[in-house]
Amino acid sequence: MDGMYEREQKTLDDALAHLKDVRSGAPVCAELFETVVSEYKLLLRHQQKLIKITDKASTNMITGQKEQINELKNIVHYDVLTGIYNRRYMEENLRRVIKLVSRSGGVLSVLMLDIDYFKKYNDTYGHSQGDTCLRSVAEAITDSLSRAEDFAARYGGEEFAVVLPHADAKGAKMIAEKIIANINALNIPHKKSEAAKHVTVSIGLTTGNVLHGQSYESYLKRADEALYMSKNNGRNQYTYIDFV
């Protein structure tokens, strides 16, 4: 029975060690990520079998592995390329944030960001350089956040989302300005951009008083509407609209 878990246990140990590195700023290893997901599924199947046949001592072993599996779930919540949270985690956590903030009648701000003319960047500099650009932008976004409750995620492609619980419109605008300034400061050349000679982002943001029953999709949709306004008005800027 001990041998059943030997390979899976090693994968767990490697994954948990890597998770500590990721939390310190290291990029997520794509190969390890794929292996972890595969082994995670095997562990769940083994665990279901063992629950039916093991005694109390074995149950204690399973309890310890449940804790490790819970830690392993954190890895699945990270974007493989950039190392920040992925869309799945963002949506799950945003749903929880709305429930919590609604109980106190607080406010919530959500930002949607898009790298300007990123397709042209990839076409000009290649996808490898495009990946490097995405990682740099993701780091600049997270560096712009100072509160522990704030978080950023890669929403998909060249689009990112930022969630700011209990942040009013003034605070959200300050974050948007900081993100734009930090990304401009990277000075990543982009000769095909129509917004500047370097990589820039457009941002849409919204702020609203959180009420019980509101959906996370409604905040993302409103912020996305503001994002398109920024893009239509010349890009490399942010647009704010109230959440209604």
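Here is what the cut-offs are and how they apply
Residue numbering note: each chain is counted from 1, following its sequence as written. pLDDT decides what is reported in this predicted model: residues at 70 or higher carry local features, side-chain atom pairs at 80 or more are listed and counted, and totals for whole chains, interfaces and linings draw on all residues regardless. Computation of side-chain values: all heavy atoms of the structure, hydrogens and water removed. Runs of E in the DSSP output that reach at least two residues are strands. Runs of H or I that reach at least four are helices, and both are numbered from the N terminus. Residue exposure (1.4 Å probe, protein chains only): buried if accessible area is under 20% of the type maximum, exposed if over 50%, otherwise partly exposed. Positive charges are assigned to Lys and Arg, negative charges to Asp and Glu, while His and the chain termini are left out of the count. Just to be clear on terms, a salt bridge is a Lys or Arg side-chain nitrogen sitting within 4 Å of an Asp or Glu carboxyl oxygen. Whenever two N or O atoms come within 3.5 Å, that pair is a polar contact, provided that in protein one can donate a hydrogen and the other can accept it, and provided that, for residues adjacent in sequence, both atoms are side-chain atoms. Pairs of residues are marked as contacts when any of their non-hydrogen atoms sit within 4.5 Å. Side-chain atoms within 4.5 Å link the members of a nonpolar core, which is a set of buried Ala, Val, Leu, Ile, Met, Phe, Trp, Tyr and Cys residues.

A.B. asks: Just to check I follow, could you spell out the side chain of Asp116 for this structure?
C.D. replies: Tracing the backbone through its elements, the reader meets Asp116 in the loop between strand E1 (107-115) and helix H5 (118-125). Here Asp116 is buried and forms no salt bridge, its nearest opposite-charge partner Arg235 lying at an N-O distance of 4.2 Å. One polar contact links the side chain of Asp116 to the main-chain amide nitrogen of Val201, over a distance of 3.4 Å. With sequence-adjacent residues up to four places away left out, Asp116 is seen in contact with His190, Ala195, Thr200, Val201, Ser202, Arg235 and Asn236.

A.B. asks: How do you make sense of unusual backbone geometry when you look at a structure like this?
C.D. replies: Leave glycine aside and you will find that most residues have negative phi; peptide bonds, for their part, are mostly trans. One non-glycine residue, Tyr117, adopts positive backbone phi at about 55°. Mapped onto the secondary structure, Tyr117 falls in the loop between E1 and H5. Positive phi outside glycine occurs at Asn236, with the angle close to 55°. With respect to the helices, strands and loops of the structure, Asn236 is situated in the loop between helix H8 (216-232) and strand E5 (238-242). Judged by its relative accessible area of 24%, Asn236 is partly exposed.

A.B. asks: Would you mind showing me how to read the nonpolar core here?
C.D. replies: Counting 30 residues, the largest nonpolar core has Leu111, Val137, Ile141, Phe160, Val162, Ile179 and Ile203 as its most contacted members. Counting residues per element, the ones that place at least two in this core are E1, H5, helix H6 (127-143), strand E3 (159-165), helix H7 (169-186) and strand E4 (201-209). For Leu111, the residues in contact, after removing those within four places along its chain, are Phe160, Ala161, Val162, Leu164, Ala172, Ile175, Ala176, Ile179, Ile203, Gly204, Leu205 and Ala223. By size, the runner-up hydrophobic cluster in this structure holds 21 residues, among which are Tyr89, Phe151, Val163 and Tyr216.

A.B. asks: Looking at this structure, how should I read the environment of Tyr125?
C.D. replies: With respect to the helices and strands, Tyr125 occurs in helix H5. Among the polar contacts made by the side chain of Tyr125, one reaches the main-chain carbonyl oxygen of Pro189 at a distance of 3.5 Å. Within the local environment of Tyr125, its side chain forms a polar contact with the backbone nitrogen of Lys191, the two atoms lying 3.0 Å apart.

A.B. asks: What is the right way to look at the pattern of salt bridges in this model?
C.D. replies: A pair can form between side chains of opposite charge whenever their charged atoms are brought close. On inspection of all chains with the given rule, the structure shows nine salt bridges. A salt bridge links Lys119 to Asp123; the shortest N-O distance between them is 3.1 Å. One end of the pair is Lys119 and the other is Asp123, both in helix H5 and four residues apart, which spans about a single turn. Residue classification places Lys119 among the exposed residues on the basis of a relative accessible area of 60%. The partner of Arg222 in a salt bridge is Glu225, with the nearest N and O atoms 2.8 Å apart. Of this pair, Arg222 and Glu225 both sit in helix H8, three residues apart, which is roughly one turn of that helix. We classify Glu225 as partly exposed; its relative accessible area is 34%.

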